[in-house]
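Breakdown of the fold
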Amino acid sequence: MTADSVKTAAGHDARWLAAAAAIAARARPSSRPNPGVGAILVKDGKVVARGWTQPGGRPHAEAMCLALAGKAARGGTLYVTLEPCAHQSARGPACADLVCAAGLARVVIGCMDPDPRTSGAGLARLIAAGIEAIYLPSIACQRSLSGYLISKRLGRPEVTLKLALSLDGSIALASGESQWITGAEARAHTHAMRARADAILVGGGTLRADRPRLDVRLPGLEARSPERWVLTRGSVPEGWKALARPEDVTGMAGIQHLFVEGGAGAATAFLRAGLVDRLLIYRAPILIGGRPALSDFGLASLSEAHGGWRLAERRRLGSDTLEVYETAHSSEHPLER
């Protein structure tokens, strides 16, 4: 193959991996404690089958995809967001063995599995079986698996901090009134983000002042309301769990995605601890001169504030604007390794 044809083929594979990553969103967060994986089987340029990790973690995406494809899988190409598992489980066979037995011509993997039971072994097993199996690093796949990758490499969930702000950076009037700063479209988007989280957290002051429900109120997604947590050393209402300090997120067993909704105290505490991976900033076109979103979280100089975040997405939501930022310290962050 010429250099141009290799580049074209890689671009073709990257697009299918991005499509598999989009399918993986269907598994989040119901696949816990397993990662939400997506798979697409393609043959002669057409999609034969799709799969994603099912609720509770089984069947895995590859198992679902191959079962739907049946004999049509032979000679096809499987695009999968995460390296097929290579370890045996009482809950089902290793996906690497299922893939080897399916008669596939190619397998393209978007992200290697950091789990030591599989890491590299799944890919090696496919190659040993005579399959043309390759690892093609995919940012889309890494992002779709962000909670899993962070939990495996850092021992904690991915933390997303959500802030709903006025143009002047306020989260409420001086009186404390905050309903509503943003419009209906932005609030609906927030509920969709809640539905993608394993757990949602507010500060003790917010719980006492607002008594938030923190559920998902979108038609058809009500059952995806996350676990409710509060940052406090005190007692919590029935149905809530307490987190004494941000650093204790390492003890949130089974939680891959934590959504922090505020208020200012909780937001500041997580930033001070260096535990925020993503920022969701919903900005309304209003000026209110009210309570600020953050207080001092430990910067010693203004130079420390620069270069810490990179813009990943910007979109309009009605009259409001959503900006999504990711941590820019790539050398220290597991999604960039």
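Residues numbered from 1 in each chain as written. Predicted model: local features only at pLDDT ≥ 70, side-chain atom pairs only at ≥ 80, totals over all residues. Heavy atoms only, no water.

**Regarding the overall build of the protein**
- When helices and strands are tallied, the protein shows nine helices and 15 strands.
- Computed over its C-alpha atoms, the radius of gyration of the protein comes to 22 Å, within 12% of the 20 Å expected for a compact globule of 337 residues.
- Its C-alpha atoms give the protein principal-axis dimensions of roughly 65 × 45 × 40 Å.
- The 337 residues of the protein split such that 48% are buried.
- Sequence separation of at least 24 residues holds for 70% of the intrachain contacts in the protein that already meet a minimum separation of 6.
- Here the protein has roughly 15800 Å² of accessible surface; of this, 53% comes from carbon and sulfur atoms. (Helix = DSSP H or I, 4+ residues; strand = E, 2+ residues; numbered from the N terminus. Rg over C-alpha atoms; globule rule 2.2 N^0.38 Å. Buried < 20%, exposed > 50% of the residue type's maximum accessible area, 1.4 Å probe, protein only. Contact = heavy atoms within 4.5 Å. Areas by Shrake-Rupley, 256 points an atom, 1.4 Å probe, with all protein chains shown as cover.)

**Comments concerning the sheet that holds strand S2 (residues 46–52)**
- On the basis of which strands lie adjacent, the open sheet formed by five strands has the order S2-S1-S3-S4-S5 and mixed pairing. The open sheet has two edge strands with one neighbour each: S2 and strand S5 (132–135). Neighbour-to-neighbour, the strand axes of this sheet turn through a mean angle of 15°, independent of strand direction.
- Bridge analysis of strand S4 (residues 106–109) against S5 gives four bridges, and the strand direction is parallel. By the bridge assignment, Arg 106 is partnered in S5 with Glu 132.
- Sheet contacts for helix H2 (residues 61–69): strand S1 (38–43), S2 and strand S3 (77–80); angle to S2, the most-contacted strand, approximately 140°.
- Contacts between helix H4 (residues 121–128) and the sheet are confined to S4 and S5, with S5 contributing the most and set at about 155° to the helix. (Pairing = 2+ DSSP bridges. Axes fitted to C-alpha atoms, helices over the stretch in contact; angles between N-to-C directions.)

**Description of the nonpolar core**
- By size, the foremost hydrophobic cluster in this structure holds 27 residues, and its most contacted members are Leu 41, Leu 78, Val 99, Leu 104, Val 107 and Leu 126.
- Sorting the residues of this core by element identifies S1, H2, S3, helix H3 (95–100), S4, H4 and helix H6 (146–154) as the ones contributing at least two each.
- Of the residues forming this core, the biggest block, four residues, is contributed by H2.
- The residues contacting Val 99, other than those within four sequence positions of it, are Glu 62, Leu 66, Leu 78, Leu 104, Val 107, Leu 126 and Ile 131.
- Counting residues in hydrophobic clusters, the runner-up holds 25 residues, among them Leu 163, Leu 201, Met 252 and Ile 255. (Core = buried A, V, L, I, M, F, W, Y, C linked by side-chain atoms within 4.5 Å.)

**Let's talk about the sheet that holds strand S11 (residues 257–262)**
- Strand order in the open sheet formed by eight strands is S10-S9-S8-S11-S6-S12-S15-S14, with mixed pairing between adjacent strands. If you trace the sheet from one side to the other, it starts and ends with strand S10 (240–243) and strand S14 (309–317), each paired once. Geometrically, the sheet is characterised by an average inter-axis angle of 25° between neighbouring strands, direction not taken into account.
- The pairing of strand S8 (residues 199–203) with strand S9 (residues 227–231) spans five bridges and is parallel. For Leu 201, the partnering residue across the bridge sits in S9 and is Trp 229.

**Brief notes about H6**
- For H6, the complete set of buried residues consists of Ser 146, Gly 147, Tyr 148, Leu 149 and Ile 150.
- Buried positions along H6 lie against helix H5 (139–144), strand S6 (158–165) and S11.
- Count one or two residues on from H6 and you reach Gly 155, which has phi positive near 70°.

**Considerations on the pairing of strand S15 (residues 320–327)**
- Counting buried residues in S15 gives seven out of eight residues, a clear majority hidden from the surface.
- Sheet analysis places strand S12 (residues 278–283) next to S15, joined by six bridges and oriented antiparallel. Each bridged residue has a counterpart across the sheet, and for Leu 279 the counterpart in S15 is Tyr 325.
- For S14 and S15, the ladder comprises eight bridges, and the chain directions are antiparallel.

**What about the packing of aromatic side chains?**
- Tallied over the entire structure, the rule returns one aromatic pair.
- A ring pair is formed by Trp 16 and Tyr 79, whose centres lie 6.1 Å apart and whose planes are at 25°; its orientation type is stacked. Linking Trp 16 in helix H1 (residues 3–24) with Tyr 79 in strand S3, this pair joins segments that are 63 residues apart in sequence. Residue Trp 16 shares its accessibility class with Tyr 79, and that shared class is buried.
- Above the plane of the ring of Trp 52 lies Arg 26, whose end atom (NZ or CZ) is 4.6 Å from the centre. (Phe/Tyr/Trp six-rings, centres within 6.5 Å; stacked < 30°, edge-to-face > 60°. Lys NZ or Arg CZ within 6 Å of the ring centre and 35° of its normal.)

**Observations concerning the pairing of S6**
- Burial within S6 is extensive, with eight of its eight residues counted as buried.
- Burial along S6 is two-sided: the residues Glu 158, Thr 160, Lys 162 and Ala 164 and Val 159, Leu 161, Leu 163 and Leu 165 are all buried.
- Here S6 pairs with S11 via four bridges, running parallel. Its bridge partner being in S11, Glu 158 is matched across the sheet by His 257.

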